[in-house]
Each structure stands twice: as C-alpha cells, then as structure tokens.
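Spelled out from the first residue to the last, the chains are:
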Amino acid sequence: WVIQKHIKGFAINIGAGRDRIRGTFTLDNLQHRSYTDWKVVPDIEADACNMPFDNESIDTLIAMHLWEHIIDPNQFLREAWRILKRGGKLCLILPNGDYLSDVVYWRDPTHQWLATPDEVLPLTAGWEVVQWNRLKRWCYPWSFDVVLQK
C-alpha cells in the first residue's frame with residue numbers, strides 16, 4: 001500500500017466513507033450521503049476544513065480521494081498544518097487530471113475540481129514533500145499520491 005509506511009501514532013482517515021484503515025480513526029462530514037446508498041458511520045463527524053482537534057495534536061492525516069471534494073484546498077492544507085504535530089504527515093491520494101476525461105470525472109456531482117500533479121505541488125509550499133508518485137498498480141495511472149511532512 002503506497003502510504004501505509006507513513007501512518008504512525010494518532011492517525012485520522014479524513015473523508016473515509018466506508019474505507020477503514022486499521023489503527024486509524026475515521027472523520028467524515030456526511031454532506032454527500034445522498035449520492036450513494038452507502039451507510040457511512042465515521043468515528044468523528046466534522047468538516048475537513050474545520051476539524052475538532054487541538055493545535056499540533058495529530059501524528060498522521062490520511063485523505064484518499066478527498067481533495068477533489070473540498071471547495072477550498074488551501075483551507076484544508078492550513079487546517080492540516082494546524083492540527084499536525086511537528087514532523088506529522090499528511091498522506092494524500094488524488095485523481096490525476098492528466099489521465100481523467102472531464103466527461104467521466106464530472107459525473108460525480110460532489111467533485112469540486114480536478115487537479116494535475118503540477119497544479120497540486122505548488123500549493124504545498126512550506127511542507128516537505130516526502131513522497132510523490134503517479135500510481136501504476138493500485139488505481140492505475142489516474143491517481144497520484146503525495147506525502148507531506150510538517
């Protein structure tokens with residue numbers, strides 16, 4: 001698994017939906033529950049841009065295919081920076097706009113924007129980029145992962 005080795009300590013899987021990762025807590029805002037028939041019961045119900053955690057209290061944040069659902073990715077990055085401990089990691093898996101067609105991608109009404117790696121990396125100024133890959137096996141080439149360290 002491409003980000004598993006980075007998950008340490010108190011870890012939150014943000015926008016997890018039904019996806020559970022052993023050893024992590026799930027956080028979801030459930031705002032899009034009508035889009036699917038999935039029953040989602042997160043450990044914590046909250047917005048990813050306004051999480052109910054103290055400053056510098058989290059070791060690892062995981063956001064798999066959450067980025068494209070966030071209206072303001074810069075606010076999400078600021079919030080992640082606020083709650084991560086020094087040395088904490090933000091593990092992202094995102095759809096890759098270099099490979100997805102607009103027609104297929106925008107069928108999901110919860111998608112806010114589609115980014116390419118070249119558009120995302122400049123937003124990470126101030127973070128240390130620990131890992132960056134175009135995924136080839138897990139989601140084929142239409143996803144990429146970025147692991148950032150505070």
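The following refers to the structure shown. Position numbers for residues start from 1 in each chain and track the written sequence from start to end. With the structure being a predicted model, the display of local features is reserved for residues of pLDDT at least 70 and the display and counting of side-chain atom pairs for 80 or more, all residues being used for whole-chain, interface and lining totals. Excluded from the side-chain calculations are hydrogens and water; all other atoms, namely the structure's heavy atoms, are used.

**Considering the pairing of strand β1 (residues 11-14)**
(1) Moving on: With a 1.4 Å probe rolled over the protein chains alone, any residue whose accessible area is under 20% of its type maximum counts as buried; one over 50% counts as exposed, and the rest are partly exposed. To qualify as a helix, a DSSP run of H or I must reach at least 4 residues; to qualify as a strand, a run of E must reach at least 2; elements of each kind are numbered from the N terminus. On β1, burial covers both faces: Ala11 and Asn13 on one face and Ile12 and Ile14 on the other are all buried.
(2) Moving on: One requirement defines pairing of two strands: DSSP has to find at least two bridges between them. Two strands pair when backbone bridges link them, and β1 and strand β4 (residues 58-64) are joined in this way by three bridges, in the parallel orientation. Following the sheet pairing, isoleucine 12 is matched in β4 by leucine 61.

**Description of the packing of aromatic side chains**
(1) Moving on: Each Phe, Tyr or Trp ring, with Trp reduced to its six-membered ring, pairs with another whose centre is within 6.5 Å; inter-plane angles below 30 degrees give stacked pairs, above 60 give edge-to-face pairs, and intermediate values give tilted ones. Following the criterion strictly, the structure yields five aromatic pairs and no others.
(2) Moving on: Ring centres of tryptophan 67 and tryptophan 113 lie 5.9 Å apart, and the angle between their planes is 45 degrees; on these two criteria the pair is classed as tilted. With tryptophan 67 in the loop between β4 and α1 (73-83) and tryptophan 113 in the loop between α2 (102-105) and α3 (117-120), this residue pair connects regions lying 46 residues apart in the sequence.
(3) Moving on: By relative accessible area, which is 22% here, tryptophan 113 ends up partly exposed.
(4) Moving on: One aromatic cluster is present, built from ring pairs that chain together Phe10, Phe25 and Phe53.

**Comments concerning the side chain of histidine 6**
(1) Moving on: With respect to the helices and strands, the residue histidine 6 is situated in the segment before β1.
(2) Moving on: For this analysis, a polar contact is any N or O atom pair within 3.5 Å, provided that within protein one partner can donate a hydrogen and the other can accept it, and provided that sequence-adjacent residues contribute only side-chain to side-chain pairs. Here the side chain of histidine 6 touches glutamine 131 through a polar contact of 2.8 Å, side chain to side chain.
(3) Moving on: With near-sequence residues (within four places) excluded, histidine 6 lies in contact with Thr60, Lys89, Cys91, Val130, Gln131 and Val147. Contacts are residue-level and defined by heavy atoms, with any inter-residue pair within 4.5 Å sufficient.

**Points about the pattern of salt bridges**
(1) Moving on: A carboxyl oxygen of Asp or Glu within 4 Å of a side-chain nitrogen of Lys or Arg is what we treat as a salt bridge. Scanning the entire structure with this criterion turns up five salt bridges.
(2) Moving on: The partner of arginine 20 in a salt bridge is aspartate 43, with the nearest N and O atoms 3.1 Å apart. Here arginine 20, found in the loop between β1 and β2 (25-28), pairs with aspartate 43, found in the loop between β2 and β3 (44-45); they are 23 residues apart in sequence, far enough to count as distant.
(3) Moving on: Arginine 20 gets classed as exposed once you look at its relative accessible area, which sits at 51%.
(4) Moving on: You can call aspartate 43 partly exposed: its relative accessible area is 42%.
(5) Moving on: Residues lysine 150 and glutamate 56 are paired through a salt bridge, measuring 3.2 Å at the closest nitrogen-oxygen approach. Of the two residues, lysine 150 sits in the segment after β7 (143-149) while glutamate 56 sits in the loop between β3 and β4, which places them 94 residues apart along the sequence.
(6) Moving on: On the accessibility criterion, glutamate 56 (42% relative accessible area) is partly exposed.

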